[in-house]
Protein chains: 2
Amino acid sequence: MQIAILLYDRFTALDVVGPYDVLSHLPGAEVVFVAEQPGPVVNEVGSLHLVAGAALADVTRPDVVVVPGGPGQNAHMADGPVRRWIQAVDAHSTWTASVCSGSLLLAAAGLLTGRPATSHWLVRDALADHGAIPIADRVVFNGKYVTAAGVSAGLDMAFALAGRIAGDAVAQAIQLAHEYDPRPPYRSGNPDTAPRAIADAVLARRASIVS
Amino acid sequence: MQIAILLYDRFTALDVVGPYDVLSHLPGAEVVFVAEQPGPVVNEVGSLHLVAGAALADVTRPDVVVVPGGPGQNAHMADGPVRRWIQAVDAHSTWTASVCSGSLLLAAAGLLTGRPATSHWLVRDALADHGAIPIADRVVFNGKYVTAAGVSAGLDMAFALAGRIAGDAVAQAIQLAHEYDPRPPYRSGNPDTAPRAIADAVLARRASIVS
């Protein structure tokens, strides 16, 4: 089972590594990081580089495709090598997954037309501009498509997907090995529970994510 | 504020990227990944490479030190360049933090002697072999030392540490931007809630983490 995780400049690191660190422990999983060029790819902050082991053209038939989000997603919404790769690998994938604003890339590629999907709360409404049906859930399954809400939701998505792929017991064992028993020290993880002033301040950054 | 995150062969990726993706968004934060040699460092699975931007000798006075876990930690428990670097930077740090079995490295370096600390549930008891006091909490603060439980606990640790460094409002804004409102699809994140057979199976892997 080949799992291809897309990288592009200015991706969000946790969007990638949350799902990676779950799915890479599935029995028989072989993960490959894919980018326009092989080699180091820089994240949105500029201080983290993950190495892409393959170019887009080298990964043509992955079983599972994971598309992360991050402000860099904006550069690939229009027709181009990344969008064409997403379309090409989706034609044969068993599962096509996204985290955060990665679902905007799936939608822009025409894969979510008429389908319910989620994204980062800040840009979820933009899914409708590309034909998808925005849903305010943390993880949305629709056929072979699974979309996650913002950044850390990629972990919840990955455990749910791991269960679908390999069964509940395998997913539960990975969860225990990762001690995924979250205890956030604040209740500020969504705009309904966050202090109002903080939600407004984060909302003001929307323009940096969708143009 | 310089934040140094240690890398070594066979680290656990989420131990690193969970805290990174929180702490790198602190105002004035400059994150540097440090390893024995600069360049790509491979994780425990073998398919992920994070790039170290600096060698140990190049990072001498970070304000915050983060030591991740992973099976590769075993190779650095005895005296050597990594342990000496941990001791040297700890002498001047404002905060010294660990995730997962990273606390065993701090303890082996003599930094946690007589201090309460936590670690991955699977190896937490081994802290006592190195003079620390094992505590079954997700995040343990003691003076300038903060230790997290297994893998994903690095996220909870990082939000708590972000609050101590920059105040609650900053930490809450980062939490909202990361949509950290976890909804694990299974209740298998700790050995008390996981199905017994699954806990036993994970327990059997202990020998691969501590020798």
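Each value, and the rule that gives it
- Residues numbered from 1 in each chain as written.
- Chains lettered and ligands numbered in written order.
- Predicted model: local features only at pLDDT ≥ 70, side-chain atom pairs only at ≥ 80, totals over all residues.
- Heavy atoms only, no water.
- Helix = DSSP H or I, 4+ residues; strand = E, 2+ residues; numbered from the N terminus.
- Rg over C-alpha atoms; globule rule 2.2 N^0.38 Å.
- Buried < 20%, exposed > 50% of the residue type's maximum accessible area, 1.4 Å probe, protein only.
- Contact = heavy atoms within 4.5 Å.
- Areas by Shrake-Rupley, 256 points an atom, 1.4 Å probe, with all protein chains shown as cover.
- Lys, Arg positive; Asp, Glu negative; His and termini not counted.
- Charge placed at Lys NZ, Arg CZ, Asp CG, Glu CD.
- Phe/Tyr/Trp six-rings, centres within 6.5 Å; stacked < 30°, edge-to-face > 60°.
- Least-squares fit on C-alpha atoms with pLDDT ≥ 70 in both.
- Expected span 1.5 Å × (residues − 1).
- Pairing = 2+ DSSP bridges.
- Polar contact = N/O pair within 3.5 Å; in protein donor to acceptor, adjacent residues only side chain to side chain.
- Salt bridge = Lys/Arg side-chain N within 4 Å of Asp/Glu carboxyl O.

- Looking up chain A in an unreviewed UniProt entry gives the name DJ-1/PfpI family protein, with the organism given as Asanoa ferruginea.

**Observations regarding the overall build of chain A**
Here comes step 1: Helix and strand counts for chain A come out as six helices and 11 strands.
Here comes step 2: Here the C-alpha radius of gyration of chain A, 16 Å, is about what a compact globule of 211 residues would show, namely 17 Å.
Here comes step 3: Dimensions along the principal axes, computed over C-alpha positions, put chain A at roughly 45 × 40 × 40 Å.
Here comes step 4: When burial is assessed residue by residue, chain A has 63% of its 211 residues classed as buried.
Here comes step 5: Contacts in chain A between residues at least 24 apart in sequence constitute 64% of all its contacts with a sequence separation of at least 6.
Here comes step 6: Approximately 7300 Å² of chain A is accessible, and the part contributed by carbon and sulfur atoms is 49%.
Here comes step 7: Within chain A, the 19 negative side-chain charges are centred at a point lying 6 Å from the centre of the 14 positive side-chain charges.

**Examining the packing of aromatic side chains**
All names here are of chain A.
Here comes step 1: Tallied over the full model, the rule gives six aromatic pairs over all chains.
Here comes step 2: Seen from their ring centres, phenylalanine 159 and tyrosine 180 are 5.2 Å apart, and the 10° between their planes marks the pair as stacked. Here the residue phenylalanine 159 occupies a position in helix α4 (residues 153-166), and tyrosine 180 occupies one in the loop between α5 (168-177) and α6 (196-203), the gap between them amounting to 21 residues. Assigned by exposure class, phenylalanine 159 and tyrosine 180 land together as buried.

**Notes on the relation of the copies chain B and chain A**
Here comes step 1: With an RMSD of 0.0 Å, chain B superimposes on chain A once it is rotated by 180° and translated 0.0 Å along the axis. Both copies of the chain, as the preceding transformation shows, are related through a two-fold rotation axis. Every residue of chain B has its C-alpha some distance from the rotation axis, and the shortest such distance is that of B:Leu50, at 2.4 Å.

**Examining α4(A)**
Residues and elements named next belong to chain A.
Here comes step 1: Taking 1.5 Å as the rise per residue, α4 with 14 residues should run 20 Å; its terminal C-alpha atoms sit 20 Å apart, in good agreement.
Here comes step 2: Of all 14 residues in α4, 11 are buried, a share of seventy percent or more.
Here comes step 3: The set of residues buried in α4 consists of Ala153, Gly154, Leu155, Asp156, Met157, Ala158, Phe159, Ala160, Leu161, Ala162 and Gly163.
Here comes step 4: Following α4 by one or two positions, glycine 167 has its phi on the positive side, about 100°.

**Digging into the sheet that holds strand β1 (residues 2-6) of chain B**
Residues and elements named next belong to chain B.
Here comes step 1: In space, the seven strands of this open sheet follow the order β5-β2-β1-β6-β7-β11-β10, with mixed pairing throughout. Because the sheet does not close on itself, it has two edges, and the strands there are β5 (54-55) and β10 (139-142).
Here comes step 2: By the bridge criterion, five bridges tie β1 to strand β2 (residues 30-35) in an arrangement that is parallel. Along β2, the bridge assignment pairs isoleucine 5 with phenylalanine 33.

**Quick notes on the side chain of A:Thr118**
Residues and elements named next belong to chain A.
Here comes step 1: For threonine 118, the location among the structural elements is in the loop between β8 (116-117) and β9 (133-134).
Here comes step 2: Residue threonine 118 is classed as buried on the basis of its relative accessible area, which comes to 0%.
Here comes step 3: A polar atom in the side chain of threonine 118 sits 3.0 Å from the backbone oxygen of isoleucine 135.
Here comes step 4: Once residues lying within four places of it in the same chain are set aside, the contact partners of threonine 118 are Ser103, Arg124, Leu127, Ile135, Asp137, Arg138, Val139, Val140, Thr147, Ala148 and Ala149.

**Concerning the sheet that holds strand β7 (residues 95-98) of chain A**
Within a sheet, adjacent strands bond to each other through the backbone by hydrogen bonds, running parallel or antiparallel.
Residues and elements named next belong to chain A.
Here comes step 1: The seven strands are arranged β5-β2-β1-β6-β7-β11-β10 in an open sheet whose pairing can be described as mixed. The outermost strands of the open sheet, each flanked by one partner alone, are β5 (54-55) and β10 (139-142).
Here comes step 2: Pairing of strand β1 (residues 2-6) with strand β6 (residues 64-67), which is carried by three bridges, proceeds in the parallel orientation. The residue of β6 that forms the bridge with alanine 4 is valine 65.

**With respect to the pattern of salt bridges**
All names here are of chain B.
Here comes step 1: Here the structure, examined in full by the defined rule, presents 12 salt bridges over all chains.
Here comes step 2: Residue aspartate 125 pairs with arginine 206 through a salt bridge whose shortest N-O separation is 2.9 Å. Taken together, the positions of aspartate 125 in the loop between β8 (116-117) and β9 (133-134) and arginine 206 in the segment after α6 (196-203) put the pair 81 residues apart, joining distant regions of the chain.
Here comes step 3: For arginine 206, a relative accessible area of 26% corresponds to the partly exposed category.

**Some remarks on the side chain of A:Ser103**
Residues and elements named next belong to chain A.
Here comes step 1: Inspection of the secondary structure puts serine 103 in helix α3 (residues 102-108).
Here comes step 2: Serine 103 gets classed as buried once you look at its relative accessible area, which sits at 0%.
Here comes step 3: Looking at serine 103, its side chain comes within polar contact range of the side chain of serine 119, at 3.1 Å.
Here comes step 4: What serine 103 contacts, discounting residues up to four positions off in sequence, is Ser98, Leu112, Thr118, Ser119, Leu127 and Thr147.

**Observations concerning the environment of A:Gly114**
Residue and element names in this part refer to chain A.
Here comes step 1: Structurally, the position occupied by glycine 114 is in the loop between α3 and β8.
Here comes step 2: Between the C-alpha atoms of glycine 114 and aspartate 137, which are 23 residues apart in sequence, the distance is 17 Å.
Here comes step 3: In this structure glycine 114 touches Gly131, Ala132 and Ile133, once residues within four positions along its chain are discounted.

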